[in-house]
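# Examination of the molecular architecture
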Amino acid sequence: MFRRASKPTAPPEWLIVGLGNPGGEYRGTRHNVGFDVIDLLSERHKIKLDRGKHNARIGIGTIGGVTVVLVKPMTYMNLSGRSVAPLAREHGLKPDRILVIADDLDLRLARTRLKPAGSAGGHNGHKSLIASLGTTEYPRLKIGIGSASDNTTIDHVLGSFTPEERSAIDLGIRRAADGVEAVVKESLEAGMNLVNVG
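I will try to describe carefully the structure that is included in this document. Keep in mind it's a predicted model, so treat the numbers as computed, not measured. (Residues numbered from 1 in each chain as written. Predicted model: local features only at pLDDT ≥ 70, side-chain atom pairs only at ≥ 80, totals over all residues. Heavy atoms only, no water.)

### What about the overall build of the chain?
Note the threshold: Numbered from the N terminus, helices here are DSSP runs of H or I no shorter than four residues, and strands are runs of E no shorter than two. The globule rule used for comparison is 2.2 Å times the number of residues to the exponent 0.38, while the radius of gyration itself is calculated over C-alpha atoms. We call two residues contacting when some pair of their heavy atoms lies within 4.5 Å. Accessibility throughout is a Shrake-Rupley quantity obtained with a 1.4 Å probe, and a residue counts as covered only by protein chains that appear here. Neither His nor the chain termini are counted; the positive set is Lys and Arg, and the negative set is Asp and Glu. For this purpose, a charge sits on NZ of Lys, CZ of Arg, CG of Asp or CD of Glu.
Broken down by element type, the chain carries six helices and seven strands. Helices and strands appear in the chain in the N-to-C order β-α-β-β-β-α-β-β-α-β-α-α-α. The C-alpha atoms of the chain give 15 Å as radius of gyration, which agrees with the globular expectation for 198 residues (16 Å, within 12%). Once local pairs closer than 6 in sequence are excluded, the contacts in the chain between residues at least 24 apart make up 70%. When the accessible surface of the chain is totalled, it reaches about 9400 Å², and 48% of it is carbon and sulfur. Charged side chains of the chain number 27 positive and 21 negative; the gap between the two group centres comes to 5 Å.

### Description of helix 3 (residues 124-133)
Rules: Whether a residue is buried, partly exposed or exposed follows from its accessible area with a 1.4 Å probe, protein chains only, as a fraction of its type maximum: under 20%, in between, or over 50%, in that order.
Where helix 3 is concerned, the buried positions are Gly125, His126, Ser128, Leu129, Ile130 and Leu133. Those residues of helix 3 that are buried lie in contact with helix 2 (81-90), strand 5 (98-104) and strand 7 (140-144). Immediately beyond the C-terminal end of helix 3, within one or two residues, lies Gly134, with a positive phi of roughly 75°.

### Overview of unusual backbone geometry
Positive phi is not limited to glycine here, since Lys46 has a value of about 55°. Looking at the secondary structure, you find Lys46 in the loop between helix 1 (33-45) and strand 2 (51-53). For Lys46, a relative accessible area of 39% translates into the label partly exposed. At Tyr76, a position not held by glycine, the phi torsion is positive, near 75°.

### A closer look at the layout of surface pockets
Keep this limit in mind: The pocket and cavity definitions rest on a 1 Å grid over protein atoms only: a 1.4 Å probe that fits but cannot leave marks a cavity, an open set with protein on both sides within 12 Å along at least five of seven lines marks a pocket, and residues lining either have an atom within 4 Å of a point. Grid points are joined across faces, edges and corners, and a volume is the space filled by probe spheres set on the points. Three classes are used, and their members are as follows: Ala, Val, Leu, Ile, Met, Phe, Trp, Tyr, Cys and Pro are nonpolar, Asp, Glu, Lys and Arg are charged, and the others, Gly among them, are polar.
Of the voids in this model, the largest pocket is the one considered here, and its volume is about 390 Å³. In terms of lining, the largest pocket is formed by 21 residues, of which the most central are His31, Leu105, Gly122, His123 and Asn124. The set of elements that each furnish at least two residues to the lining of the largest pocket consists of strand 5, helix 3 and helix 4 (153-157). If one sorts the elements of the lining of the largest pocket by residue count, helix 4 sits on top with three residues. Of the residues that constitute the lining of the largest pocket, the class distribution is eight nonpolar, nine polar and four charged.

### Quick notes on the side chain of Arg30
Its location among the elements puts Arg30 in the loop between strand 1 (14-18) and helix 1. Residues contacting Arg30, with those up to four places away along its chain left out, are Asp103, Leu109, Ile145, His156, Val157, Gly159, Ser160, Phe161 and Glu165.

### Overview of the environment of Pro163
With respect to the element layout, Pro163 can be found in helix 5 (residues 163-185). The class of Pro163 is exposed, set by a relative accessible area of 67%. Through-space distance from the C-alpha of Pro163 to that of Gly122 is 27 Å; in sequence the pair is 41 residues apart.

### Structural notes on the packing of aromatic side chains
This is how the line gets drawn: A pair of aromatic rings is counted whenever rings of Phe, Tyr or Trp (Trp by its six-membered ring) have centres within 6.5 Å, and the orientation is called stacked for planes under 30 degrees apart, edge-to-face for over 60 and tilted otherwise. Two conditions define a charge sitting above a ring: the NZ of Lys or the CZ of Arg must be within 6 Å of the ring centre, and it must be within 35 degrees of the ring normal.
Inspection of the entire model under this criterion finds one aromatic pair. For Lys72, the ring lying beneath its charged end belongs to Phe35, and the centroid distance is 4.9 Å. Above the ring of Tyr138, the side-chain terminus of Arg140 is found at 4.1 Å from the ring centroid.

### Topic: the sheet that holds strand 1
Quick reminder of the rule: Strand pairing is assigned whenever DSSP detects at least two bridges linking the two strands. With axes taken as lines fitted to C-alpha atoms, and helix axes fitted only over the stretch in contact, angles between N-to-C directions fall between 0 and 180 degrees.
Within the open sheet, the seven strands sit side by side as 2-3-4-1-5-7-6. Their pairing is mixed. Pairing within the sheet leaves two strands with one partner each, and these edge strands are strand 2 and strand 6 (112-115). Strand-to-strand, the axes of this sheet are offset by a mean angle of 25°, without reference to chain direction. As judged from the three bridges shared by strand 2 and strand 3 (residues 56-63), these two strands associate in the antiparallel manner. For Arg51, the partnering residue across the bridge sits in strand 3 and is Ile58. Together, strand 1, strand 3, strand 4 (66-73), strand 5, strand 6 and strand 7 form the strand contacts of helix 5, whose direction differs from that of strand 7 by roughly 165°.

By themselves, these observations are geometric and do not establish any function.
What follows is the structure, encoded as structure tokens:
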């Protein structure tokens with residue numbers, strides 16, 4: 001049974017955003033690992049994603065005593081910024097307090113990388129965020145989904161993991177969630193030291 005954590009009294013210090021596509025047909029696909037990390041954090045910290053706002057499913061709770069907003073944009077990947085930018089404005093959070101978790105084609109499967117800023121790198125979710133936020137200066141946590149090889153990029157990112165890949169990616173998702181917790185509880189540097197390995 002899902003027990004609701006005690007309601008935070010302090011205003012949010014972080015917007016934790018997982019990118020993905022809504023709908024059952026996209027569940028478990030490569031493009032949705034950002035959603036998977038948010039779901040894991042929701043479970044670990046009893047932060048129920050029970051609110052709908054700005055075309056997103058959100059939950060407000062605490063991680064290590066720090067108030068955070070967990071966010072899953074429901075706009076589809078290419079329009080993610082339309083959810084994130086108004087949520088950031090509503091909570092008075094600047095881009096350096098918006099931690100975005102997304103898949104990355106250029107990283108080996110399940111490898112994780114946390115950076116304080118960066119370009120879109122061809123990722124449509126980041127393109128939308130950069131356009132809506134007006135900056136590239138927001139931290140992003142990337143989870144490798146492997147290159148497309150024989151498939152087209154769209155088929156690859158919207159495809160499911162093989163059973164062998166699933167066990168690896170689950171480890172990557174857990175490491176990413178650990179990294180988010182380190183950022184919130186300690187610092188961006190602590191999170192980078194934890195996830196930027198291998």
